[in-house]
Amino acid sequence: MKSAILSKNAAYDAQIRQILETLSGYSDEQLNRKPANGGWSAIQTLHHLILSEELSLAYVRKKLSFNPVVDKVNIGTHWRSFLLNLYLGSPLKFKAPAVVGDANLPAYATLADTRAYWEKTRQMWTQYLTALPDDLLDKQVYKQPFAGRLGWLQTIGFFQMHFRRHRKQALRAAKAAKV
């Protein structure tokens, strides 16, 4: 089970490296320019994703710090994950929770600093997942704001779907700024 979790996490890391490489072809000014029709700049979009992961890890660490009783992943977990993926895959716009929204996104950041921040966050996740005790591998440990309790694989799956949704947004913002 742990190898599946770490493998999925590594695949997600590869997706992040790919977008950072793609965005390295843009200047920091372009990456920080907000689209003319409103919304987040490419850099702000990346910071939204990073904050989401960072706060998720903080939640899991705190939750598990007092050895709570947590349920095993079950059919309900998979159903909630499926519905979350439908939600994130839809073309509809949704307001981000305030804690990962406008007030907490930088007005300006360099791609180099953003890369370092994300790599640090991903490294913390990898270290945490690597050190997970076997008795927690099949548990619902993360409470996603819209879907409720998820297991480790579903949590990383959420990060991947969330990333896919916002990847397009970041690339659109960067391309629009280049024109």
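Everything below is about the structure shown above.
Below is a short write-up of the structure. (Residues numbered from 1 in each chain as written. Predicted model: local features only at pLDDT ≥ 70, side-chain atom pairs only at ≥ 80, totals over all residues. Heavy atoms only, no water.)

Our focus in this paragraph is the side chain of Asp-13. By the element assignment, Asp-13 lies in helix H1 (residues 2-23). When its relative accessible area of 15% is taken as the criterion, Asp-13 is described as buried. (Helix = DSSP H or I, 4+ residues; strand = E, 2+ residues; numbered from the N terminus. Buried < 20%, exposed > 50% of the residue type's maximum accessible area, 1.4 Å probe, protein only.)

This part is about the packing of aromatic side chains. All chains considered together, the criterion is met by ten aromatic pairs. Aromatic pair Tyr-59 and Tyr-142: ring centres 6.2 Å apart, planes at 75°, arrangement edge-to-face. Note that Tyr-59 is positioned in helix H3 (residues 42-65) and Tyr-142 in strand E1 (residues 142-144), a separation of 83 residues in sequence. Taking the relative accessible area as the measure of exposure, Tyr-142 reaches 4% and is therefore buried. Taken together, the ring pairs connect Tyr-12, Tyr-59, Trp-118, Trp-125, Tyr-142, Phe-158, Phe-159 and Phe-163 into an aromatic cluster. (Phe/Tyr/Trp six-rings, centres within 6.5 Å; stacked < 30°, edge-to-face > 60°.)

Moving on: a nonpolar patch on the surface. Together, Trp-79, Phe-82, Leu-83 and Leu-86 give the surface a local cluster of nonpolar side chains, amounting to about 420 Å² of exposed area. With respect to the helices and strands, the residue Leu-86 is situated in helix H4 (residues 75-89). (Patch = residues over 30% accessible without salt bridge, like charges linked within 9 Å, V, L, I, M, F, W, Y side chains within 5 Å. Areas by Shrake-Rupley, 256 points an atom, 1.4 Å probe, with all protein chains shown as cover. Salt bridge = Lys/Arg side-chain N within 4 Å of Asp/Glu carboxyl O.)

It is worth stressing that arrangement in space is one thing and function is another; only the former is reported here.
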